[in-house]
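Notes for the structure review
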Amino acid sequence: MAKIINVIKGTKDILPQDIDTWQFMEQQALEVFNRYGYKEIRTPIIEATELFARGVGDTTDIVNKEMYTFEKSEKSITLRPENTAGVVRSFIENGMTRQTFPVKLWYKGPMFRYERPQAGRQRQFHQVGCEMFGIKEPSADAEVILTAASYLKSLGLDNLTVEVNSLGCPTCREKYKQRIKEVLKPEFENLCEDCQARYEKNPLRLLDCKVESCQKIFEKPEIKSVIYSDFICEDCAEHYSKVKEYLKQAGVVYSENKLLVRGLDYYNRTVFEIKSNNLGSQNAVCGGGRYDSLVENLGGESVPAIGWAMGMERLFSLIQKNPSPKLDGFVVSNYTPYALMLTQELRSKGLCVEFDMQNKKFTKQLEKAAKLAKYAIILGEDEIKNNTVSIKNLETSTQINVKREDVLKTIKG
RNA sequence: GCGGGUGUCGUCAAGUGGUUAAGACCUCGGAUUGUGGUUCCGAUAUACAUGGGUUCGAAUCCCAUCAUCCGCCCCA
């Protein structure tokens, strides 16, 4: 035999036995987001590398070491590692700035990141996400989080933890960074290697380091007081408290996590995550936040925006799975042409029906019917002669003879 | 990029140096020549990740490679 070819590391087939659940996720997305006023947008899977360098940020891990990038006709092209940058690009390029605000867009599709695969992490994975443009008021933040919560609820996922935080605006965040750097300066030598690098590149990300020795340093009172201080400016603080107020009024249970720092550079003010306890170490189902300067950074006008993305594989592993439904009927007959005709007739009426194309023995066909279908539709010599069929309920073993045109009525009630 | 675990039929899984490598599920056939799901019998002609090594002898011990899973990191 020839050598078999395997899937690429970190990628997976979505197999027929799982497709019902995937289609369910997609169907719920369509319905819920439509209700919330979102329109689907489909952007290319490949984009100019520069889009991600400028959009996601070149200090992020995603851009630094996780992108699938290749050259074609002297252009640098990258498989999208996330879709916010692509949506923003399209928003600008297609003049959506001139549409009535808010502009609400949702997407779903594969993303690519060159990372070491593990539980809840693949190199090709799927995200579903929402982006809302044009509203700077905190009501937008609350609505966007509500949209996420509604979608999760529609999937039967209720008991998830919503965490929120505010990163402030570029001005107050910069001050905060400086204060963190100052207070940690004496301890610099004691920080782990990663943290030393973060100290320069993005001090905000020092905070969620899990190395014990670093955590001990962060626990020191004088340092802790800086880390946990309310650094955000008055405007940001007011925005943040409004968001929380709205969430409370909408009945969203959330907790504040001051260490919730997103690894993407474009976020400002509100950031949030929705987590599960049943996912192992990759426990975030949803991550998002406000990105008021991204549109401008990518060459558009200054348009505020906010959005989130969910990992569909992670959702998949949390969703209650239902067994695939059985066929409505299986035509059992040793008269193949008649069986074919009856099958076609029933299908045209909307039933899911199969027949035995191999014309096996009657018992074999019935056995197959019992395995695959709710009803056996028996078509023998007598039935053909009288223009009837015998319908056997394969669960209750009751069998009745009905007129051919009454099959639909009998099966569907 | 760094750690740790694991690789035996399509799937699950026994077997820890010694004749033809259990078993179960799935699939297919038969018992049952127009009535299934239970039961019984049988079949799938060479499944020990790959390549080396140790040994009289390796699925079993050692090394390497590959794959996969888990953790760090980061994120969805």
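Everything below is about the structure printed above this text.
In short, a report on the structure. (Residues numbered from 1 in each chain as written. Chains lettered and ligands numbered in written order. Predicted model: local features only at pLDDT ≥ 70, side-chain atom pairs only at ≥ 80, totals over all residues. Heavy atoms only, no water.)

Topic: the sheet that holds strand S3 (residues 68–72)
In a beta sheet, neighbouring strands pair by backbone hydrogen bonds and run either parallel or antiparallel. To keep it simple, the criterion reads: Strands are treated as partners if at least two bridges between them are detected by DSSP. Where helices and strands are cited, they refer to DSSP runs of H or I of at least four residues and of E of at least two residues respectively, numbered from the N terminus. In this description, a line fitted to the C-alpha atoms serves as the axis of each element, helices being fitted only across the stretch in contact, and the angle between N-to-C directions of two axes falls anywhere from 0 to 180 degrees.
Spatial strand order, S2-S4-S3: three strands in an open sheet with antiparallel pairing. Pairing within the sheet leaves two strands with one partner each, and these edge strands are strand S2 (46–48) and S3. Each strand axis lies, on average, 35° off the axis of its neighbour in the sheet, ignoring direction. Relative to strand S4 (residues 75–79), S3 runs antiparallel, the two being bridged by five bridges. Of the residues in S4, the one forming a bridge with Glu71 is Ser76.

Comments concerning the nonpolar core
The criterion, for reference: Put simply, buried Ala, Val, Leu, Ile, Met, Phe, Trp, Tyr and Cys residues joined by side-chain atoms within 4.5 Å make one nonpolar core. When accessible area is computed with a 1.4 Å probe and restricted to protein chains, residues below 20% of their type maximum are described as buried, those above 50% as exposed, and intermediate ones as partly exposed. Just so you know, the domain bounds were taken from an automatic or database domain assignment. Residue contacts are defined here by distance: any two heavy atoms, one from each residue, within 4.5 Å place the two residues in contact.
Within the largest apolar cluster, 64 residues are counted, with the highest numbers of intra-cluster contacts made by Phe33, Tyr151 and Leu315. Sort the elements by how many residues they give to this core and helix H5 (residues 138–154) lands first, with seven residues. Residues lining this core come from more than one domain, with at least three contributed by each of domain 1 (16–168 + 253–318) and domain 2 (170–231). Setting aside anything within four residues of it in sequence, one finds Tyr151 in contact with Met25, Gln28, Ala29, Val32, Phe33, Val128, Met310 and Leu315.

Description of a nonpolar patch on the surface
The condition is simple: Like-charged residues within 9 Å of one another, or nonpolar side chains (Val, Leu, Ile, Met, Phe, Trp, Tyr) within 5 Å, are grouped into patches, provided each residue has over 30% relative accessible area and no salt bridge. Shrake-Rupley sampling with a 1.4 Å probe provides the accessible areas, and residues are treated as covered by the protein chains on show and by no other component. We define a salt bridge as a side-chain nitrogen of Lys or Arg found within 4 Å of a carboxyl oxygen belonging to Asp or Glu.
Taken together, the side chains of Ile45, Ile46 and Phe70 make up a nonpolar region of the molecular surface, amounting to roughly 230 Å² of accessible area. When you line up the elements, Phe70 lands in strand S3.

Here we look at the environment of Lys39
By the secondary structure assignment, Lys39 is in strand S1 (residues 39–40). Sequence spacing of Lys39 and Ile8 is 31 residues, and the spatial spacing of their C-alpha atoms is 33 Å.

Focus on the protein's contact with RNA strand B
Here is the rule we go by: What makes a residue near a molecule or strand is one non-hydrogen atom of that residue sitting within 4 Å of it. Each polar contact in these results corresponds to two N or O atoms within 3.5 Å; when the atoms are within protein, one needs to be able to donate a hydrogen and the other to accept it, and residues that are neighboring in sequence are counted only if both atoms are side-chain atoms. Ten residue types, Ala, Val, Leu, Ile, Met, Phe, Trp, Tyr, Cys and Pro, are classed as nonpolar, four, Asp, Glu, Lys and Arg, as charged, and the remainder, Gly among them, as polar.
Near RNA strand B there are 47 residues, and of these Arg113, Ala119, Arg198, Gly263 and Ser397 occur at the shortest range. Counted by atom, the contact set of RNA strand B within 4 Å of the protein is 51% sugar and phosphate. Lys371 is positioned with one of its side-chain polar atoms (N or O) 3.1 Å from a phosphate oxygen of RNA strand B. When residues of the surface near RNA strand B are assigned to their parent elements, the largest contribution, seven residues, is made by helix H14 (residues 362–372). Of the residues assigned to the surface near RNA strand B, the class counts are 12 nonpolar, 14 polar and 21 charged.

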